[in-house]
Structure formats: structure tokens, C-alpha cells
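Architecture and fold: a report
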Amino acid sequence: MNVEAAPSPAGLRARNRTRPVPGREVASAAALRGSAGIATFLALWQLGVVLHLPLLAKIPTPADVAAAWLSLLRDPRYYLDWLVSFRRVFGGFVIAQALGIPLGLLMGWKAAFRSLTFPVFEVLRPIPPLAWVPLSILFWPTPESSITFVIFLGAFFTVLINTLAGVRAIDERYVRAAISLGATPAIVFRRIILPGALPSIFTGMAVGMGITWSVLVAAEIIAGRSGLGYLTWEAYVAGSFPTIVVGMISIGLAGYLSSALVRIVAARAMPWSKRF
Amino acid sequence: MAVALKPDRVAQRAGAISLRAVRKVYDPGRLDVVAVDGWTLDVASGEFLAVVGPSGCGKTTLLNGIAGFDPITGGEILLDGETIASPGGSARPSADRVVVFQNGALFPWKTVVENVAYGPIVQRRLSRPLALDEARSLLQRVGLGEVADAYPSRLSSGVQRRVEMVRALINDPKVLLLDEPFRALDAIAKSVMHEELLKLYDATKKTIFFITHDLDEAILLADRVVVSTTRPARVKHILAIDLPRPRSYRMMASAAFLDLKRSVADAVHEEAEKAFRRGERELA
């Protein structure tokens, strides 16, 4: 790194160092506005319930929800529900990536493999993951494995299709440039196809992560004995309305955290990209 | 291996291209679109040859044939007496004739120095650390040391194209194939890039096969300008450019330059008009 001795690159780095500051200001202004938005939402909600606006009469107030949440926070089962739901989501999600990404890459790279497999996936893909629930309960030995399987399906097709599209969208110029510089097909696959498809793969992961949470809740209601979705359903059965809302908000938070995780991994894996 | 920019290495002259009745037909037997028709031409070792023709005339097809991206359907292409393309023969790109593309093809996921080191690494000519060192010092020598660790998306198109030429030259290729490399640049950046390329050419004396639709650019840069007909591409006219080297943008206002331009302007214009008319018909 003999560049560091030269004066002008040091100047360049200094400029880089000062650059994030205005960005951070923008970010904190956005955070401020975001908090104001949430506060306004809560105020309108409280007001709507207190004023007995139509349809809102049976809804618990934010204050009731907060009280129910506080009491749940003292209950170890609540944390277990979080843990169980996260384990199910990430189990299904990771298996979906492990199978979907290589399959998508192969389908994008080899036309013969694509024409062999694409029709099968295109027929299976429109089937909603929840339509698989009855069959998977019959098929899998435990409820746990059937829930993981349904979650897996929710993420699998999304990442597969996005990976495939990502490979096919790679500009032929990059492939030609690499070959022209002496790259073998194996190197082209590893150094051009894989990084070239990454932005699309992560888009698939972000969308897939969203799908897994909506699938999880339904699967837990149908086949689960624990988890955040089950918590919400159990509260409904028990007639504990504030707890229903706590369950819903917990699911929202969990989904948000999972998506944030995908975004962080994406930013780490693709320092060149500004899309995430 | 700090070779690419040292003139002494040029002593062993190489990089003579021979085109022998080169022909390329797309979709033979059905649509039969003739893109390139009967190119016979010798490009001497170390010569700067420019091909001028209207957009879509088939000149890029010819370049792809030399590069080995597309097989040709007739004739033969030789590099230093060895056949590198013929009908039926397998077209094989090779790092001895590197292409710089019209819209640039730096890998966006690699930094500048990683892009430049790419060739030596994938050819297993140098280990990764050595290749990166070599790339960095080469970038510094051409005044691009500052941007070595930047990603290409942070750079202007002009700087991107300069980096791309360094990425080609680090492989010490016999031939540089330039496919309208300055097309996307504005007039000012283009003029700076001409000076850059002229300097690089004077320093390395690589054989350059340069494609453009800009007659001024061709005359300023090249030793010979080939005017191509519009599709199918045929050799319409060959003009020797006797402007002295080193050249500079100032020559574009000289009487000698204008005389040269006048002598082929009609030929170029005629083909441009033909291409334009046909474009209109195709749209109608």
C-alpha cells in the first residue's frame, strides 16, 4: 500500500472521511420524522378508541396494549415464542437459500438445465405456500418439520426466480471482457456470474424474508403449539384482546429485524452497490 | 513483470493481423444477413488502424471475429501468421488481443486495482498479491494511482475508459481491439482521451484496431483509416494518414488534416446517408 505515502490520495481519503457526516444528519432527520410518524399514529389510535369511532370500539387502546406487553415481558414463555418463531423462520429460510441460490445459478448459467427444470418450477411456484399445509402435515413426521417446510417453500421460489433473473440479466460485456482477459468458464462462473447476480439474489432474499413471516404466522395458527403466531391466536381464543395486538406488533418487529439483517448482510457482501 | 509500458520490450515486434476475404453471415440458410463481406486487409505490427463506418454497419462484427467472440463464416483471420479464426474452426478469445468495449466493461464489483490485476490473476501468470502490486504501480505510472481503491461506479466515464485500457495493457497484448471506446464521452472528455491514447500508443507501439463512426477521431489517431460501407461492411476506401507523431489535438485545425478529411468525407457521408435511408425504410 505504497499509495499511503503520496499526499494526494491521503487528501482523497480525508474527503471520504468527512463525507458520511451530512449523510448522518439526513439519517437522523429521517429518524426524527419516523418517530413523529409513529407517535402520531399512536395518538390517532388512542383518540379513535376513546371517541368510540365506528369499528374501533372493540380495539384495545395503546395504553392497554402497553400494559399487556409489560406483563408479557415478565413471562419467560413470551421470549420462548420469539425464539421458536425465529428458529422456524431462519431454519426454513436458510434451507431455501442453500437450495434456491445454487439451483437458480445453474438454471441461469446452463440453458439445457433451465429448459429441463423451469416448467416444473413454474407450475409449482403459483401454489400458495399455505396450500401445502395439509399435504405437509400428512407428509412430514412432526408438526415442527411441516412448519419449517412450508416456510421453506415461501422463500424458496422467490430466491430461485430472482437468482435466475439475476444471472440472465448480467451484461454479456462482462463475460466477454473476462474471457478476453483469459478467464476460463469456471472462473467466469465464480468471478462474474456469482457477483453479477448478487444484487438480484439479495432482492430475492429480502422479499423472501417478508414472505416467510406471513407464512409462519398462518402455519403456527394451523399446526403450531408455540411461537408468535400461536401467541396471537391463543390470545384471540382466550378473549384477551390487548395480547392479540401485542402478538401482532411482535410479529411486525420480528419481520422488521429479519429484513434489517438481510440488508446488513447485503451491504457487507456488496460494498460496491448502493442498492441496499 | 513491469513490462506493459516499457518501449524496449517492443523490440520483438508482433501483432500483425491479416484478414483474408473475411465474411460473416448471421442466420445462414434462413435470414442470411450478411454483416461483413470480403474483408482483405493487412494490419502491420505496431500499426494504428482505424475503421470508420456508420453505426450498425458491421464493423463491430468484424472486431468480434478478430477477438474470437463470434466465429466467422468465410475467409480467415491470422495473427502473426497463425490462423486465429476460420469457418468451422473454434473461435477462441485470448489475452493476446484484448478488447476495450463501447460502453466500458469494468467489473462493478471490483475496485480499480482489482480490475487491472484481473488478467494476470486469471491467467495464473502472477500470484494475487504480486498482480495487485503490479497493477497498482502501473496505475501510478499512468497517473491513476489516486483512484486505485475506488469502485468504478465512483469514476467518470473518461477515467473508467483509461482504467480499462490499463487493464488491457497489463497483459502485454499483441493487439488492442478498441470498439468505439469513446462513444459515450462528451466532446471535451473525448479530446482528453485522444491525447491519452496517443501517449499510450507512442509508449507501447501496440498494434491497435480501432473502430469508430467519427472521422475526425480516426484521422487524428490512426496511421491508416479504412472507410467501411454500410451493412454489409466492405472496404470502401483506404486512406494513409501521414501526419507526424507525436500528434496532438491542435493538428485537427491544420491544413494537412483538413485535406485528409476532405479526401474521404464524401465517401463517409455517402455511406452514412445510405445507412440513414435504410433506417428510415426499416422503420416505415
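Thresholds, definitions, all that
Residues numbered from 1 in each chain as written. Chains lettered and ligands numbered in written order. Predicted model: local features only at pLDDT ≥ 70, side-chain atom pairs only at ≥ 80, totals over all residues. Pairing = 2+ DSSP bridges. Helix = DSSP H or I, 4+ residues; strand = E, 2+ residues; numbered from the N terminus. Axes fitted to C-alpha atoms, helices over the stretch in contact; angles between N-to-C directions. Domains from an automatic or database assignment. Core = buried A, V, L, I, M, F, W, Y, C linked by C-beta atoms within 7 Å. Buried ≥ 20, exposed ≤ 12 C-beta atoms within 10 Å, placed from the backbone. Contact = placed C-beta atoms within 7 Å. Parallel < 35°, antiparallel > 145°, perpendicular 65-115°, else oblique. Left-handed = near helix turned anticlockwise from the far one by under 90°. Nonpolar A, V, L, I, M, F, W, Y, C, P; charged D, E, K, R; others polar.

**Points about the sheet that holds strand 8 (residues 207-212) of chain B**
Residues and elements named next belong to chain B.
- The six strands are arranged 6-7-8-3-9-10 in an open sheet whose pairing can be described as mixed. Since the sheet does not close on itself, it has two edges, and those belong to strand 6 (97-100) and strand 10 (235-240), each with one partner. The average undirected angle you get between the axes of adjacent strands in this sheet is 15°.
- In terms of strand pairing, strand 7 (residues 175-179) meets strand 8 through five bridges, oriented parallel. Counterpart to Leu178 in the pairing with strand 8 is Phe210.

**Quick word on the domain arrangement of chain A**
- Examined at the domain level, chain A breaks down into domain 1 (21-59) and domain 2 (62-269).
- Between domain 1 of chain A and domain 2 of chain A, the C-alpha centre-to-centre distance is 29 Å.

**Topic: the nonpolar core**
- Formed by 131 residues in total, the largest nonpolar core has its most connected members in Ile151 of chain A together with Val116, Leu177, Phe209, Phe210 and Val225 of chain B.
- With 14 residues, the single largest contributor to this core is helix 7 (residues 143-168) of chain A.
- In contact with Val116 of chain B, other than residues within four places in its own chain, are Ala135, Leu138, Leu139, Val163, Val166, Arg167 and Ile170 of chain B.

**Remarks on the packing of helix 9 (residues 185-223) of chain A against helix 11 (residues 241-269) of chain A**
Residue and element names in this part refer to chain A.
- One way to put it is that helix 9 packs onto helix 11 with a least axis distance of 10 Å and a crossing angle of 165°. When the axis of helix 9 is compared with that of helix 11, the two are roughly antiparallel. Judged by the twist between their axes, the crossing of helix 9 over helix 11 is right-handed. Contacts between helix 9 and helix 11 involve Leu198, Phe202, Met205, Ala206, Met209, Gly210, Trp213 and Val217 on the former and, on the latter, Ile251, Ala254, Gly255, Ser258, Ser259, Val262, Arg263, Ala266 and Ala269.
- Split by residue class, the contact of helix 9 with helix 11 holds twelve nonpolar, four polar and one charged.

**Topic: unusual backbone geometry**
All names here are of chain B.
- The omega angle of the peptide bond from Arg231 to Pro232 is 0°, so this bond is cis rather than trans.
- Of note, the bond from Arg245 into Pro246 is cis; its omega dihedral lies within 30 degrees of zero at -5°.
- Mapped onto the elements, Pro246 comes out in the loop between strand 10 and helix 7 (255-283).
- Within the chain, Arg124 stands out as a residue other than glycine whose phi angle is a positive 55°.
- Along the chain, the position of Arg124 falls in the loop between helix 2 (112-122) and helix 3 (128-141).
- Despite not being glycine, Glu180 has its phi angle at roughly 45°, a positive value.
- Here Glu180 is to be found in the loop between strand 7 and helix 5 (187-204).

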